[in-house]
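# Results of the structural survey
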Amino acid sequence: MTDNIDKEAEALIDPIATTAGFSVTELRVAVFGHPIHAMSVAFPVALTFCTFGADALYWWTGDAFWARAGLWAAGTGFLFGMLAGFSGTAELLMVSGIRARAPAWTHFIIAVTLLALLGANWGHRLYGYEAAVLPYGILLSALCVGVVGVTGWHGGKLVFDYRLGVSKKN
């Protein structure tokens, strides 16, 4: 009986976990030990939701203020997203223990897709923000909200499942 349990436990060993550098997860892009990527992602996430909210309020009220607020939120969310993306990409490329994890690559690919969508949403609004909201602006904003949720889920896996950015020990 114990032989079966030992064999089952042996079969569950992650082969990637045995590679050199897998346990090296100390963050390199940080200020006094605080990870820049984790600190900076809050802004583009919040601004993505603000863009969608401004679009919904413009649709509901017809007030041009909300269309203009959506333009500013989309642009600022994209620019802050680029800053968060640079720090996240640097961590991914510089830390072998992060590179070895599949959720890190999934998070990266979805986040780059999100940045492309945020940039498209902002660019769509630059020359006529009121006309841009309905229907395509609000649809782009809703898509961005969905994609930010998915990339945040995968980023959360890295923090909560693998303890990246919260502990020097894996």
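These lines cover the structure that appears in this document, whether it is placed above or below.

So, how was this worked out
- Residues numbered from 1 in each chain as written.
- Predicted model: local features only at pLDDT ≥ 70, side-chain atom pairs only at ≥ 80, totals over all residues.
- Heavy atoms only, no water.
- Axes fitted to C-alpha atoms, helices over the stretch in contact; angles between N-to-C directions.
- Helix = DSSP H or I, 4+ residues; strand = E, 2+ residues; numbered from the N terminus.
- Parallel < 35°, antiparallel > 145°, perpendicular 65-115°, else oblique.
- Contact = heavy atoms within 4.5 Å.
- Nonpolar A, V, L, I, M, F, W, Y, C, P; charged D, E, K, R; others polar.
- Expected span 1.5 Å × (residues − 1).
- Buried < 20%, exposed > 50% of the residue type's maximum accessible area, 1.4 Å probe, protein only.
- Core = buried A, V, L, I, M, F, W, Y, C linked by side-chain atoms within 4.5 Å.
- Salt bridge = Lys/Arg side-chain N within 4 Å of Asp/Glu carboxyl O.
- Patch = residues over 30% accessible without salt bridge, like charges linked within 9 Å, V, L, I, M, F, W, Y side chains within 5 Å.
- Areas by Shrake-Rupley, 256 points an atom, 1.4 Å probe, with all protein chains shown as cover.

### A closer look at the packing of helix H4 (residues 64-94) against helix H7 (residues 129-160)
Running from N to C, H4 and H7 cross one another at 85°; their axes reach a closest spacing of 9 Å. Comparing their axes, H7 and H4 come out roughly perpendicular. Mapping the contact onto sequence places Ala64, Ala67, Arg68 and Leu71 in H4 and Tyr129, Glu130 and Val133 in H7. Of the residues contributing to the contact of H4 with H7, the split by class is five nonpolar, no polar and two charged.

### Observations regarding helix H6 (residues 102-125)
Between the first and last C-alpha of H6 there are 35 Å, a value that for 24 residues agrees with the 34 Å anticipated at 1.5 Å per step. Looking at H6, one finds that the buried residues are Pro103, Ala104, His107, Ile110, Leu114, Leu115, Leu117, Leu118, Asn121 and Arg125. The inward-facing, buried residues of H6 contact helix H2 (36-40), helix H3 (42-61), H4, helix H5 (96-99) and H7.

### Observations regarding the nonpolar core
Residues Phe78, Ile110, Leu114, Leu115, Leu117, Leu118, Leu140, Cys144, Val147 and Val148 constitute the largest nonpolar core, which totals ten residues. Residue assignment for this core shows that the elements contributing at least two residues are H6 and H7. If you tally residues by element for this core, the top one is H6, at five residues. Ranked by size, the runner-up nonpolar core spans six residues in total, among them Val95, Ile98, Leu158 and Leu164.

### Quick look at the pattern of salt bridges
Following the criterion strictly, the structure yields two salt bridges and no others. Residues Asp55 and Arg125 are paired through a salt bridge, measuring 2.5 Å at the closest nitrogen-oxygen approach. Taken together, the residues span a long stretch of sequence, with Asp55 in helix H3 and Arg125 in helix H6 at a distance of 70 residues. The partner of Asp161 in a salt bridge is Lys157, with the nearest N and O atoms 3.5 Å apart.

### Some remarks on a nonpolar patch on the surface
The grouping of Phe43, Phe80, Leu83 and Phe86 at the surface amounts to a nonpolar patch, some 420 Å² of accessible area in total. When residues in the nonpolar patch are grouped by element, the largest group, three residues, is from H4. The topology assignment puts Phe80 in helix H4.

### Examining the side chain of His107
Within the element layout of this structure, His107 appears in helix H6. What makes His107 buried here is its relative accessible area of 16%. Beyond its immediate chain neighbours, meaning those up to four positions away, His107 contacts His37, Thr151, His154, Gly155 and Leu158.

Taken by themselves, the reported measurements are silent on function.
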